[in-house]
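Residues per chain are reported as follows:
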Amino acid sequence: MNEHEDRLSKRESFEQEQNELIKRRLEELEELKKLGVNPYAYSFDVDSYSSDILASFKDDAPPSDASVAGRIVSLRRMGKASFCHIRDSKGKMQIYLKRDDIGSAYDQFKLMDIGDIVGVKGTVFRTKTGEVSIHAKSLELLSKSVRPLPVVKEKVDEQGNKTVYDPFSDKELRYRQRYVDLVVNPDVREVFVKRAKVVSSVRKFLDEKGYLEVETPALQPIYGGAAARPFTTHHNALDFDFYLRISDELYLKRLIVGGFEGVYEIGKDFRNEGMDKSHNPEFTMLELYVPYKDYNWMMELVERLIHFVALAVTGGAKVKVGKNEIDFTPPWKRITMLDSIREVTGEELAGKSEGDLSAIAKKHHVEVDLSMGAGKIIDAIFSELVEPKLIQPTFITDYPVEMSPLAKRHRSKPGLVERFELMCNGHELANAFSELNDPLDQRSRFEDQARLKARGDEEAMVVDEDFLRALEYGMPPTAGLGVGIDRLTMVLTDRDSIRDVIFFPQMKPEK
RNA sequence: GGGGCUGUAGCUCAGUGGUAGAGCAUCUGCCUUUUAAGCAGAGGGUCGUAGGUUCGAUCCCUACCAGCCUCACCA
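Predicted, not measured: the structure shown is a model, and the values here were computed from it. (Residues numbered from 1 in each chain as written. Chains lettered and ligands numbered in written order. Predicted model: local features only at pLDDT ≥ 70, side-chain atom pairs only at ≥ 80, totals over all residues. Heavy atoms only, no water.)

Novice: Please provide a residue-by-residue account of the pattern of salt bridges, values included.
Specialist: Per the stated rule, a full pass over the model turns up 41 salt bridges. With a shortest N-O distance of 2.8 Å, E213 and R203 are connected by a salt bridge. With E213 in strand β8 (residues 212-213) and R203 in helix α8 (residues 186-208), this pair connects stretches of sequence that are 10 residues apart. Residues D339 and R342 are paired through a salt bridge, measuring 3.0 Å at the closest nitrogen-oxygen approach. On the criterion of helical spacing, the pair formed by D339 and R342 is a turn pair, its members being 3 residues apart in helix α11 (residues 337-345). Among the charged side chains, a salt-bridge network with shared partners connects R24, R25, E27, E28, D113, D116 and K144. (Salt bridge = Lys/Arg side-chain N within 4 Å of Asp/Glu carboxyl O. Helix = DSSP H or I, 4+ residues; strand = E, 2+ residues; numbered from the N terminus.)

Novice: Describe helix α2 (residues 20-34), and please don't skip the residues or the numbers.
Specialist: For α2, built from 15 residues, the straight-helix expectation of 21 Å at 1.5 Å per residue is met to within 8% by its first-to-last C-alpha distance of 21 Å. Buried within α2 we find I22, R25, E28, L29 and L32. Down the axis of α2, the buried set is contained in an arc of 115 degrees. They therefore lie on one face. Opposite the buried face of α2, by more than 90 degrees, sit the exposed residues E20 and K34. Buried residues belonging to α2 abut α5 (104-109) and β5 (132-143). Backbone geometry just downstream of α2 places G36 in the positive-phi region, at approximately 85 degrees. (Expected span 1.5 Å × (residues − 1). Buried < 20%, exposed > 50% of the residue type's maximum accessible area, 1.4 Å probe, protein only. Arc of directions from axis to C-beta. Contact = heavy atoms within 4.5 Å.)

Novice: I'd like a description of the protein's contact with RNA strand B, backed by residues and values.
Specialist: Every one of the 55 residues lining RNA strand B counts as a neighbour, but T129, A227, E273, E421 and E428 are closest to it. K153 places a polar side-chain atom, nitrogen or oxygen, 2.3 Å from a phosphate oxygen of RNA strand B. Between RNA strand B and E459 there is a distance of 3.3 Å, counted from a sugar or linking oxygen to a side-chain nitrogen or oxygen. Within the residue set of the surface near RNA strand B, elements represented by two or more residues are α2, β1 (65-78), β2 (81-88), β3 (91-98), β6 (153-156), α6 (171-176), α13 (374-386) and β18 (416-424). Grouping the amino acids of the surface near RNA strand B by side-chain chemistry returns 17 nonpolar, 8 polar and 30 charged. (Near = heavy atom within 4 Å. Polar contact = N/O pair within 3.5 Å; in protein donor to acceptor, adjacent residues only side chain to side chain. Nonpolar A, V, L, I, M, F, W, Y, C, P; charged D, E, K, R; others polar.)

Novice: Mind laying out unusual backbone geometry, listing which residues take part and the relevant values?
Specialist: A cis amide bond links P330 with the next residue in sequence, P331, at an omega value of 0 degrees. One can find P331 in the loop between β15 (324-327) and β16 (333-336). Even without being glycine, D398 reaches a positive phi, approximately 65 degrees. Looking at the element boundaries, D398 is found in strand β17 (residues 394-400).

As structure tokens, then:
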């Protein structure tokens, strides 16, 4: 028996030994069938949604009818009348059910539970205690829930402060059973609605500029475009090992060689590295390449893009993130990497040898090892000492050439490249450069990477001969950009863990 | 990978070297405008898994599994 079959059989035996609560619900299911009810209906005509009904209700207007559907999330039975709340896609609202009004459906209702999905038609009214509700004329079971849902209760006081009782808060359960999390924790839904707005507003912005949205391979014979270790997989028919992409960069630049006036891709990248609050093995990246532009132009585009997205998602340019308020109103601070290090540490790194850099790093308690080249040491100093202090959006510019093998050499500063990273809330949000389009220089940069790899740098890039061939045909001067969509969403939704902006974050398999 | 914390009822959590408790949920009864509904009663557990110490383990020890935090690694 292989592992997969083993897991299946465990699953089956789990289903067989259902607990009391599930047994009880299965009995109710049978009772309902005996009453002639199909517990899994085919459709229901919905014409209204909870929050719309609540928002538009007027006490002096003539009573109106509504047809709503949703999941029962609370239940108060009082003999021959009952109240329940149902949650639909827009919120939740109360339903009032009276036996005299709905007749035999009330007997069916007695067999329903929290978690069941129902359709209700009735009249909108305000109860004695002031809650706008639907007085049901009919009730229809749409889907019987046989597994008990956590019951989360909340109390709202006069000031509108919400107290939640028995929250569904176990992080493991919330991530593994996100469907339950979404049902009982409404703010989770809002985060993901905002995430969708991040993506759609990015698309809108770029489409309006006339850039072409494209798709490039996720299965690649050679990985590239970033410094990271890849996942490996195997194609049976070709009997060949492929890599899951760590970036889209090299393929998108091939399309610029092909003559497109700007291409972008929003897609998943995969990196075989550790997981923590800001890293998930698969994550979503926006990459954009525009010919005849450089990184200075790209800085302005990024300012406008993210400002546009912030407005679309949050309604304003100022966003509360943790204890900080981040203001995305352009223009943003621009400072070179070496200047920013000098500002924070007082150290001048320009022109220093690898040995000097290593000594400076140690002086500031930044760990370095022998596999690191000068570029990596500077990056380590920056990441450790400067990056966490950059809260407001800031462009860090002009990186050492050794750590940017795909970026063009700086037009006036030897040893540096025309590259910027956008830092925000202590993290990198975007990375961009004037793309290297000199095929000879690109080849020698790849060779430098190969040497780093030989020294033990597992993330060093590998030579991509086909990409070099494309550059040899000629690529126009091009500005390129990468934006981490997950991290942008984290900032715009004030979440401090990437797991809270990914529906199904990577977890060890359940056993 | 290192360190710390956690795992007990469907959910959230107490607790003890003598095989277990609360609130909510569930079930029974009463209740036709309630809302953390209420009142009265009842059921529900391989105390993460496997070993060990012990007369006896949910508790002590070891390993393992899973999660969270943190460091390392890493965008």
